[in-house]
Structures are given as C-alpha cells and as structure tokens.
Amino acid sequence: MTVKLGVPSKGRLMEKTFDWFGERGVTLSRTGSEREYSGKVDGVDGVQLVLLSAGEIPRELAAGRLHLGVTGTDLVREKLVQWDQQVEEMAALGFGFADLIVAVPSCWVDVDCLDDLDAAASAFRAEHGHRLRIATKYHRLVRDYLRAGGVADYQLVDSQGATEGTVKNLTAEAIADITSTGETLRANHLKILGDGPILRSQATLFRSRKAQKAVAERAALKQLLDKLGL
Ligand SMILES: Nc1ncnc2c1ncn2[C@@H]1O[C@H](COP(=O)(O)OP(=O)(O)OP(=O)(O)O)[C@@H](O)[C@H]1O
Ligand SMILES: O=P(O)(O)OC[C@H]1O[C@H](OP(=O)(O)OP(=O)(O)O)[C@H](O)[C@@H]1O
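Residues numbered from 1 in each chain as written. Chains lettered and ligands numbered in written order. Predicted model: local features only at pLDDT ≥ 70, side-chain atom pairs only at ≥ 80, totals over all residues. Heavy atoms only, no water.

Description of the UniProt feature "domain: ATP phosphoribosyltransferase catalytic" (unreviewed entry) in the protein
- On the UniProt side, "domain: ATP phosphoribosyltransferase catalytic" (unreviewed entry) is annotated at positions that read residues 54–228 here.
- A distance of 21 Å separates the end C-alpha atoms of residues 54–228, which is 37% helix and 27% strand. (UniProt positions renumbered as here; feature names shortened; annotations may be inferred. Helix = DSSP H or I, 4+ residues; strand = E, 2+ residues; numbered from the N terminus.)

Right under this line is the structure:
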C-alpha cells in the first residue's frame, strides 16, 4: 500500500501544485500522453500521485481513499459537512486565491448590501409572484450566509459553470460565485454586494482523518510531510 496524494488534474491549480511540491524537493509529473490522467512522484518513496477533478478531492479525502489532497478551501467547506472533522488543513499553498461573493446587476442602483437584497427580494416576489433566483454551485455556503444575513425571500438555482451568464440568460436575477480578478463580473455587468465575501479561498493541502495508515504508509507519510516542512 502507498500513500495517495490527490492533485487537480488540469489547469492553474495542477501546475502551481506541481511547482509548490517541486520547490520542496518532491517532483510531481504527469506520465503517458498529454490526455492520460497518470502521474508519478519523485524525491520520496511510497507516494502515489492521483490526478482528479478539484471538486472531487474533498469527497475522496472524506472517504479515506486519498491520504492527502490539494484543492480549494471553498470546495472543502461546500462539499463536506463539518469539514474539519473529516479533513485537517496542513498548509495554505499561497495560490488559487478566490472570493466567494454575491453579485447583482450593476443597474440595481438601490441594492448594495444584504439588507438591500432582502428588501429587493421581497419586492420582487410581490411583483412577480415567484422568488428572486440566485444562481450558484455553492448551495450550502450561500444558504448559510444568506440565513445569517437575514435574507429569506429567494431561491437558489443550480449553475455548475458560466454562472455570471445566467442573469443575461434570464435564468436568475443574482449570482453567488467565486471571483479572482473581477473581470468576469464586470464583463457581465454585475456588481458585488458590499458586505464582504462569503469566504476567501485558496489552494490548500489537506490530510484525510479517515484514511487507513498501515505501518509502511505511516512511514511514507511522515517522510513526505517532513520533506515538505510540515
Ligand atoms: N478564476 C479563478 N482564480 C483563482 N482560483 C480559481 C478561479 N476559478 C476557480 N478557482 C479555484 O480553483 C478551484 C477549482 O475550481 P473549479 O472546480 O471551478 O475548477 P475546474 O477546473 O472547473 O474543476 P473541475 O475539474 O471540477 O471541472 C476552486 O477551489 C476555486 O476556488
Ligand atoms: O474574477 P475572474 O478572474 O474573472 O474569475 C472568475 C471566474 O473564474 C471561474 O470560472 P472558470 O474559469 O473556472 O469557469 P466556470 O465558469 O466553468 O466555473 C469562476 O467561476 C468565475 O466565472
């Protein structure tokens, strides 16, 4: 048995994760063809690289099928109930920064904060006969945030991508999504509510609290964490 390390299989997160480990003497690399999801680990024994979707890493850690995994804090908090009982944060990696925010059309001049949104949502329902729709893939985090902020008269609609487009497409009136540079929001004529983000996320190395550790795995895990300075 080996220690399984889960890393996002594509894009910025994968490349920056490879760099972060490389700077600490652990070389992660893809093997096979460009499209084959296989990889290897050099610089430490007994560790297997598992390439998978960033969004699936929280679940795999919680199930104990990965010992360690790199993904965004937003995805762990959204996907795992009582996340800190299922995984342990080992290191914030200093990249993949993104804020989870609520945004409304820029032309809604009377709506700048959650209190305004609550008022607008009540007025919307009275006028249209259905609740104001907020598109998101972060259902749990958004619900908790709006409940705490006293916003009640809304409904979430699921959007797994291109969420900023839902307002223009008339499938939602507002959105809750991650933003980094803010360019996608600006391009889609949306503005962030001024109460501060729901969550500030960054790429983080997590350890599973459930993954079994036989003697050999304990040794490999310790060696890896020592090498990473953790
Ligand atoms: N524009 C961005 N800037 C910085 N970080 C981002 C950005 N977009 C997404 N992220 C972060 O990257 C992580 C992965 O996001 P997401 O699940 O959208 O990626 P994906 O590449 O679409 O993954 P999947 O393989 O599941 O489709 C999340 O933790 C998110 O916060
Ligand atoms: O603030 P910005 O720098 O413009 O980045 C924000 C965008 O990045 C992410 O989308 P991604 O590119 O992952 O595509 P997606 O819409 O499929 O999630 C996110 O969902 C926003 O749409």
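From this point, things continue past the structure.
A short note on helix H6 (residues 139–148)
- Restricting attention to buried positions, one finds in H6 the residues Leu141, Val142, Tyr145 and Leu146. All buried residues of H6 project into a common sector of 120° when viewed along the axis, lining one side. Residues Arg147 and Ala148 are exposed on H6 and point more than 90 degrees away from its buried face.
- One or two residues past the end of H6 sits glycine 150, with phi positive at roughly 80°. (Buried < 20%, exposed > 50% of the residue type's maximum accessible area, 1.4 Å probe, protein only. Arc of directions from axis to C-beta.)

Considerations on the pattern of salt bridges
- Inspection of every chain in the model, using the stated rule, returns 13 salt bridges.
- Ionic pairing is found between aspartate 42 and lysine 40, a salt bridge with its closest N-O pair at 2.8 Å.
- The class for aspartate 42 is partly exposed, based on a relative accessible area of 34%.
- Classification of lysine 40 as partly exposed rests on a relative accessible area of 39%.
- Residue glutamate 173 is joined to arginine 133 by a salt bridge in which the shortest nitrogen-to-oxygen separation is 2.5 Å. Separated by 40 residues along the polypeptide, glutamate 173 in the loop between helix H7 (165–168) and strand E10 (174–179) and arginine 133 in strand E8 (residues 132–136) bring together distant segments of the chain. For the pair glutamate 173 and arginine 133, a shared accessibility class is recorded, and that class is buried.
- Where salt bridges share partners, they join Glu56, Arg59, Glu60 and Arg65 into one cluster. (Salt bridge = Lys/Arg side-chain N within 4 Å of Asp/Glu carboxyl O.)

Here we look at the site of ligand 1
- For ligand 1, the set of nearby residues contains 15 residues, the closest of which are Lys10, Ser53, Asp74, Lys137 and Ile178.
- At 2.6 Å, a side-chain N or O of aspartate 74 approaches an oxygen atom of ligand 1.
- In isolation ligand 1 has 620 Å² of accessible area, and contact with the protein removes 68% of it.
- When atom positions are compared with the pocket grids, ligand 1 is found to occupy the largest pocket. (Near = heavy atom within 4 Å. Polar contact = N/O pair within 3.5 Å; in protein donor to acceptor, adjacent residues only side chain to side chain. Areas by Shrake-Rupley, 256 points an atom, 1.4 Å probe, with all protein chains shown as cover. 1 Å grid on protein atoms, 1.4 Å probe; cavity = no way out; pocket = protein on both sides within 12 Å on 5 of 7 lines; lining within 4 Å. Sits in = over half its atoms within 2 Å of the grid points.)

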